[in-house]
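Results of the structural survey
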Amino acid sequence: MSHTKLFIPGPVEVSAKTMAAFSKPMIGHRSKDFQNLYASIQPGLQKLFMTRQPVFVSTSSAWGVMEGAIRNLVAKKVLTCMNGAFSDKWYDVALKAGKQAEKLQVEWGQPIRGAAIEEKLKTGEFDAVTLIHNETSTGTMSPIEEIAEVARRYPDVSFIVDVVSSLSVLPIDFDALGFDVLLAGTQKALALPSGASVFSVSERAFAKAEKQKDRGYYIDFLEFRKNHESSMTPTTPSIAHFYALQSKLEDMEAEGVEARHARHLKNATITRAWAKNHGFELFPDAGYESIGLTCVRNVRNVDIAKVISHLKANHHAVIDGGYGKIKGTTFRISHMGDESTANIEQLLGWLDEGLKSL
Ligand SMILES: *Cc1c(COP(=O)(O)O)cnc(C)c1O
């Protein structure tokens, strides 16, 4: 059956192999079969996160873990680093979780810089920071190495880092960076169906969570750790996601980590070049462009909705016409997940056609 191919930055296109794994028959979540399945994906997940810590699977979208991390780790006040739609929302989520929060707001398209975080942390008011490594709404990637240096100087401050659209796109070494929580939803860079997340928690953060009285239940880090010891989850998970993850980790192993990263960089390079060659500009500040997607500034003011309609009608594919307050003045092309360079070249050819048809 033909379907509309997704080149939007999430959910992204899911391969037939992944879908087949996702559709396997159910098994009991307290069965030996499930424990074997759970244990079988741990080494691959730990390799992906570059960590010795357990990697958990939560059957919630990323926001479940993003809210849960706040509940587990904020006792005093959280600094929410904001430079786009997703990171901006984290501030509201912290307030809704009943926490004190303060904004570190920069313009959309600008990265979050280490010095700006440090300036705030110097006050001693904060015990947690939220950061989105790759702001998907604006295609902007913040320099995590630089931010990790700041994190190392403030060991009592929990760094909660979202890598939803950058995990597996480039190396992210959880243990070396020294962050406290690393989390990602499944429907973006991992190219799995939506509805689940993967995350890891530092030893220091577990110790802090132990002292926290209102962690809640659904995303209680300690419940995840306890169940992990017997290769199980606190509640009945989306077992389909475990099968899909198993299949995806096999794909990653077969491709090779470095080849996967190189493929993403190549996809980004040709997409950025295409945009510039067509008289567009890139939305993010130079040097901070995402590798998993390209956010294009529509300086030619083309009717991007029309281009998308053309793409859909003629090639059964879609890109994204811009997110939130930058809808129409930007558009986004996703090249994360399983996309080959040939696929992206073909898509760019279709966009050429679409632009000519205006
Ligand atoms: C998509 C996205 C989210 C939100 O994910 P949900 O699956 O809707 O919970 C969070 N952070 C980033 C960077 C995203 O791209």
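So, how was this worked out
- Residues numbered from 1 in each chain as written.
- Predicted model: local features only at pLDDT ≥ 70, side-chain atom pairs only at ≥ 80, totals over all residues.
- Heavy atoms only, no water.
- Near = heavy atom within 4 Å.
- Polar contact = N/O pair within 3.5 Å; in protein donor to acceptor, adjacent residues only side chain to side chain.
- Areas by Shrake-Rupley, 256 points an atom, 1.4 Å probe, with all protein chains shown as cover.
- Helix = DSSP H or I, 4+ residues; strand = E, 2+ residues; numbered from the N terminus.
- Nonpolar A, V, L, I, M, F, W, Y, C, P; charged D, E, K, R; others polar.
- Pairing = 2+ DSSP bridges.
- Axes fitted to C-alpha atoms, helices over the stretch in contact; angles between N-to-C directions.
- Contact = heavy atoms within 4.5 Å.
- Domains from an automatic or database assignment.
- Buried area = accessible area lost by both parts, 1.4 Å probe.
- Phe/Tyr/Trp six-rings, centres within 6.5 Å; stacked < 30°, edge-to-face > 60°.
- Lys NZ or Arg CZ within 6 Å of the ring centre and 35° of its normal.

Moving on, we come to the site of the ligand. Near the ligand the following residues occur: Ser61, Ala62, Trp63, Met66, Phe86, Ile132, Asn134, Thr136, Asp162, Val164, Gln187 and Lys188. Here an oxygen atom of the ligand sits 2.5 Å away from a polar atom, N or O, in the side chain of Thr136. When the free accessible area of the ligand is taken as 390 Å², the share hidden by the protein chains comes to 90%. Broken down by element, the shell around the ligand gets its largest block of residues, three residues, from helix 3 (residues 62-73). Classifying every residue of the shell around the ligand gives six nonpolar, four polar and two charged.

What follows covers the sheet that holds strand 3 (residues 78-82). Strand order across the open sheet formed by seven strands is 2-10-9-8-5-3-4, with mixed pairing between neighbours. Lying at the two open borders of the sheet, with one neighbouring strand each, are strand 2 (55-58) and strand 4 (101-105). The average undirected angle you get between the axes of adjacent strands in this sheet is 20°. Both strand 9 (residues 181-185) and strand 10 (residues 197-201) contribute to a ladder of five bridges, which runs antiparallel. Residue pairing in the sheet places Ala184 in a bridge with Val198 of strand 10. Contacts from helix 2 (residues 32-49) reach strand 2, strand 9 and strand 10 within the one sheet, and its direction differs from that of strand 2 by about 110°.

The antiparallel open sheet is built from three strands, whose spatial order is 11-12-14. At either end of the open sheet lies a strand with only one pairing partner, and these are strand 11 (281-282) and strand 14 (330-334). Strands in contact with helix 11 (residues 257-277) are strand 11, strand 12 (293-297) and strand 14; relative to strand 12, the strand with the most contacts, it is inclined by about 10°.

Taken domain by domain, the protein chain comprises domain 1 (5-12 + 256-356) and domain 2 (17-253). A separation of 26 Å is found between the C-alpha centroids of domain 1 and domain 2. Counting from both sides, the interface comprises 26 residues of domain 1 and, opposite them, 28 residues of domain 2. Here domain 1 packs against domain 2, burying approximately 2,300 Å² in sum over the two surfaces, 60% of which is carbon and sulfur.

Scanning the model with the defined rule gives 13 aromatic pairs in all. Between Phe199 and Phe221, the aromatic rings sit 5.6 Å apart at their centres with planes inclined by 35°, giving tilted as the arrangement. Pair noted here: Phe199 is in strand 10 and Phe221 is in helix 9 (residues 221-228), with a separation of 22 residues, a long-range link. Clustering of aromatic rings is evident, with ring pairs tying together Phe56, Phe199, Phe206, Phe221 and Phe224. Lys103 extends its terminal NZ or CZ atom over the ring of Tyr91, reaching a point 4.8 Å from the ring centre. When the ring centre of Phe206 is taken as origin, the NZ or CZ atom of Arg225, which lies over that ring, is 4.4 Å away.

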